[in-house]
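Reading the structure
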Amino acid sequence: MPHIQTNNIDIFYEFEGSGEPLIILGGLASDQYFWQDFIQPLKEHFTVLIFDHRGLGNSTASNA
């Protein structure tokens, strides 16, 4: 699982599909699993970026 670290927080992200980029910004309480059915048809035409907000899904929360 790819992560990027910033300010001592590991943020999970994933690219799926191919084509023009499309970023999916979930609501505060959604993680990448919420979007899986939604992005299935989109990834046929786009490179879809999904990620988990900090403290949700596979992303961590800071101790601060």
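Our focus in this paragraph is the sheet that holds strand 1 (residues 3-6). Here four strands make up an open sheet; going across it, the order is 1-2-4-3 and the pairing mixed. Looking at strand neighbours, the two that pair on one side only are strand 1 and strand 3 (20-23), the edges of this open sheet. Each neighbouring strand pair of the sheet contributes to a mean axis angle of 25°, computed without reference to strand direction. In this structure, strand 1 lies alongside strand 2 (residues 9-17), joined through four bridges in antiparallel fashion. The residue bridging His 3 from the neighbouring strand is Phe 12, located in strand 2.

Once that is clear, we can look at the pairing of strand 4 (residues 46-51). The two faces of the sheet receive side chains in turn, since in a regular strand these alternate between them. Strand direction decides the pairing type here: strand 2 and strand 4, joined by five bridges, are antiparallel. Each bridged residue has a counterpart across the sheet, and for Phe 15 the counterpart in strand 4 is Leu 49.

Right, let's get into the packing of aromatic side chains. If you walk through the whole model with that rule in mind, you get three aromatic pairs. For the pair Tyr 13 and Phe 15, a centre-to-centre distance of 5.9 Å together with 75° between the ring planes defines the contact as edge-to-face. For Phe 15, a relative accessible area of 51% gives the class exposed. Centre to centre, the rings of Trp 35 and Phe 38 are 5.3 Å apart; their planes meet at 65°, and the pair counts as edge-to-face.

By secondary structure assignment, the location of Ala 29 is in the loop between strand 3 and helix 1 (36-39). Sequence separation of Ala 29 and Leu 56 is 27 residues, and the distance between their C-alpha atoms is 7.3 Å.

Conventions and cut-offs
- Residues numbered from 1 in each chain as written.
- Predicted model: local features only at pLDDT ≥ 70, side-chain atom pairs only at ≥ 80, totals over all residues.
- Heavy atoms only, no water.
- Pairing = 2+ DSSP bridges.
- Helix = DSSP H or I, 4+ residues; strand = E, 2+ residues; numbered from the N terminus.
- Axes fitted to C-alpha atoms, helices over the stretch in contact; angles between N-to-C directions.
- Phe/Tyr/Trp six-rings, centres within 6.5 Å; stacked < 30°, edge-to-face > 60°.
- Buried < 20%, exposed > 50% of the residue type's maximum accessible area, 1.4 Å probe, protein only.

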